[in-house]
Amino acid sequence: MSTSIKHTFPLGFPWQTEDPFLFCVYHLDHYPKGEENMGPSPELFEGRNLGNDFTLKDGWRMYHGTTVPGFPYHPHRGFETITIVNKGYCDHSDSLGAAGRFGNGDVQWMTAGRGVQHSEMFPLLNEDTDNPLELFQIWLNLPKANKFVEPHFKMLWHEDIPVVTEANVSIKVIAGNYKGTDANSPAPNSWASHTENEVAIWNIKVDAQSEFILPKSGKPVNRTLYFYEGDEIQIENQKINPNFGIALDSTQDVSIRIGNEKAHFLLLQGKPIDEPVAKYGPFVMNSNAEIEQAMEEYRLTQFGGWPWRHADPVHDKNKGRFALYPDGQLEEKN
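What comes next is a walk through the structure. Numbering of residues starts from 1 in each chain and follows the order in which that chain's sequence is written. Totals for whole chains, interfaces and linings use every residue, but because this is a predicted model, local features are given only for residues with pLDDT of at least 70 and side-chain atom pairs only at 80 or more, for both listing and counting. Only heavy atoms go into the side-chain values, all of them from the structure, while hydrogens and water stay out.

### Concerning the sheet that holds strand S21 (residues 254-258)
Now for step 1: A sheet is described by the order of its strands in space; here four strands give the open sequence S16-S21-S18-S19, paired in antiparallel fashion. Among the strands making up the open sheet, the edge pair consists of strand S16 (211-214) and strand S19 (238-240). Averaged over neighbouring strand pairs, the angle between their axes works out to 25 degrees when direction is ignored.
Now for step 2: Pairing between strands is defined by DSSP: at least two bridges between the two strands are required. Strands are runs of DSSP state E lasting at least 2 residues, helices are runs of H or I lasting at least 4, and numbering of each runs from the N terminus. Of the strand pairs in this sheet, strand S18 (residues 233-235) and S21 are connected by three bridges, and their pairing is antiparallel. Residue pairing in the sheet places Ile 233 in a bridge with Ile 258 of S21. Axis definition: a line fitted to C-alpha atoms, over the contacting stretch in the case of helices. Angles run 0 to 180 degrees between N-to-C directions.

Here it is as structure tokens:
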């Protein structure tokens, strides 16, 4: 009997991915009110391993931050990061001199290429109310031919990202094409920039007690559907609980019946790059020798150094969403 489900798996931290994706993590933190420095009150730090706080305590984590939650400067080489911020804000700074504040639906697409340092901090801008954060970070591999391209920084503002609304579903088309609706162009050297690679990143929300038909792709590719919020769903005759991933046959339409709560999904899809992958922390190359070379180059050059005063910079508290690009171009949003 034909089935559209290849297998299912529980969602850990990070989530399991398939080529061309390397990594996917989902951050859901219910941060408290912020202080003047945009971090939590220091009295809430008791019992936390500041600098390496990945334990969900009181509904939130500091990660590698010590005053403001987030990830102080760190290097990358050989892949791309796609950061989707559904709730809250992220302050970006990098070794190219680029910076930005984005959130509440915005997406940042950054090609590390030959090497870049960046920081990602989560400023708690609200002093009178809580500061919820919901964020996905996805690592998309680069093929060998593009491992050493120049780093690239691109913002996809939520006002510009297409959202397809059907009777009982909304599909945010971050990458790829959904029933004729094209996403904005990705970074120029991305595996996603070639339509024949069928890369898709969709955030899908389906109403309770309804049915959604996920359309098949144009060709056989890797396709994973992450069910991260809601009640149980049913695909064919199989019931699936939330916090599970579903590897699907991309050549078949998939009927999904939704339970008693609205269901939230992330879909990652793409043609495999199908090259050797060597990974060591923030470096992804094709061989261990290339990893050693990346580490040595980082020791010698710091990938251009760090032009910011602090390792964990946050931007002015009263500043809105913005992007400052390496060439000095500034975009500002309300």
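### Looking at the pattern of salt bridges
A side chain of one charge can pair with a side chain of the opposite charge if their charged atoms are brought near each other.
Now for step 1: The salt bridge criterion pairs a side-chain nitrogen of Lys or Arg with a carboxyl oxygen of Asp or Glu, the two atoms within 4 Å. Evaluated as defined, the whole model comprises 15 salt bridges.
Now for step 2: Note that Asp 58 and Lys 57 form a salt bridge whose closest N and O atoms lie 3.4 Å from each other.
Now for step 3: Buried means the residue's accessible area, taken with a 1.4 Å probe over protein chains only, is under 20% of the maximum for its type, while exposed means over 50%, and partly exposed covers the values in between. Looking at Asp 58, the relative accessible area reads 58%, which means it is exposed.
Now for step 4: When its relative accessible area of 28% is taken as the criterion, Lys 57 is described as partly exposed.
Now for step 5: Its salt-bridge partner being Arg 257, residue Glu 211 comes within 3.4 Å of it at the nearest N-O pair. Residue Glu 211 is located in strand S16, and its partner Arg 257 is located in strand S21; the two are separated by 46 residues in the primary sequence.
Now for step 6: Since its relative accessible area comes to 38%, Glu 211 is described here as partly exposed.
Now for step 7: Residues joined in a network through salt bridges with shared partners are Asp 106, Glu 159 and Arg 321.

### Examining the sheet that holds strand S10 (residues 152-156)
Now for step 1: Across the sheet, five strands lie side by side as S2-S9-S4-S7-S10; this open sheet has antiparallel pairing. Where the open sheet ends on each side, the last strands, each with one partner, are strand S2 (21-31) and S10. Ignoring strand direction, the axes of neighbouring strands in this sheet form an average angle of 15 degrees.
Now for step 2: Summarising the sheet, strand S4 (residues 79-87) and strand S9 (residues 131-141) pair through eight bridges and their orientation is antiparallel. Residue pairing across strands places Val 85 opposite Leu 135, the latter belonging to S9.

### Thoughts on the environment of Asp 106
Now for step 1: With respect to the helices, strands and loops of the structure, Asp 106 is situated in the loop between strand S6 (99-103) and strand S7 (107-111).
Now for step 2: Asp 106 gets classed as buried once you look at its relative accessible area, which sits at 0%.
Now for step 3: Between the C-alpha atom of Asp 106 and that of Ala 187, which follows or precedes it by 81 residues, the distance is 15 Å.
Now for step 4: Only heavy atoms enter the contact rule, under which two residues are in contact if any of them lie within 4.5 Å. Sequence-distant contacts of Asp 106, that is, excluding residues within four places in its chain, are made with Thr 83, Ile 84, Val 85, Met 155, Leu 156, Trp 157, His 158, Glu 159 and Arg 321.
Now for step 5: A distance of 2.7 Å separates a polar side-chain atom of Asp 106 from the backbone nitrogen of His 158. Any N or O atom pair separated by 3.5 Å or less is treated as a polar contact, with the protein-specific requirement of one donor-capable and one acceptor-capable atom, and with residues adjacent in sequence counted only for side-chain atom pairs.

### What to know about the packing of aromatic side chains
For any two aromatic rings, the description comes down to two numbers: the centre-to-centre distance and the angle of the planes.
Now for step 1: Two rings from Phe, Tyr or Trp (for Trp, the six-membered ring) form a pair when their centres sit within 6.5 Å of each other. Planes less than 30 degrees apart are called stacked, planes more than 60 degrees apart edge-to-face, and all others tilted. In total, this model carries 24 aromatic pairs according to the counting rule given.
Now for step 2: A ring pair is formed by Tyr 26 and Tyr 228, whose centres lie 5.0 Å apart and whose planes are at 55 degrees; its orientation type is tilted. You can see Tyr 26 sitting in strand S2 and its partner Tyr 228 sitting in strand S17 (residues 222-229), a full 202 residues away along the chain.
Now for step 3: Relative to Trp 60, the ring of Tyr 31 lies with its centre 5.9 Å away and its plane at 55 degrees, an arrangement referred to as tilted. One end of the pair, Tyr 31, is in strand S2; the other, Trp 60, is in the loop between S2 and strand S3 (70-76), with 29 residues separating them in the sequence.
Now for step 4: Grouping aromatic residues by their ring pairs yields a cluster made of Phe 9, Trp 15, Tyr 26, Phe 136, Tyr 226 and Tyr 228.
Now for step 5: One Lys or Arg, Arg 48, reaches over the ring of Trp 60 and ends 3.6 Å from the middle of that ring. Any Lys NZ or Arg CZ that is within 6 Å of a ring centre and within 35 degrees of that ring's normal is treated as a charge sitting over the ring.

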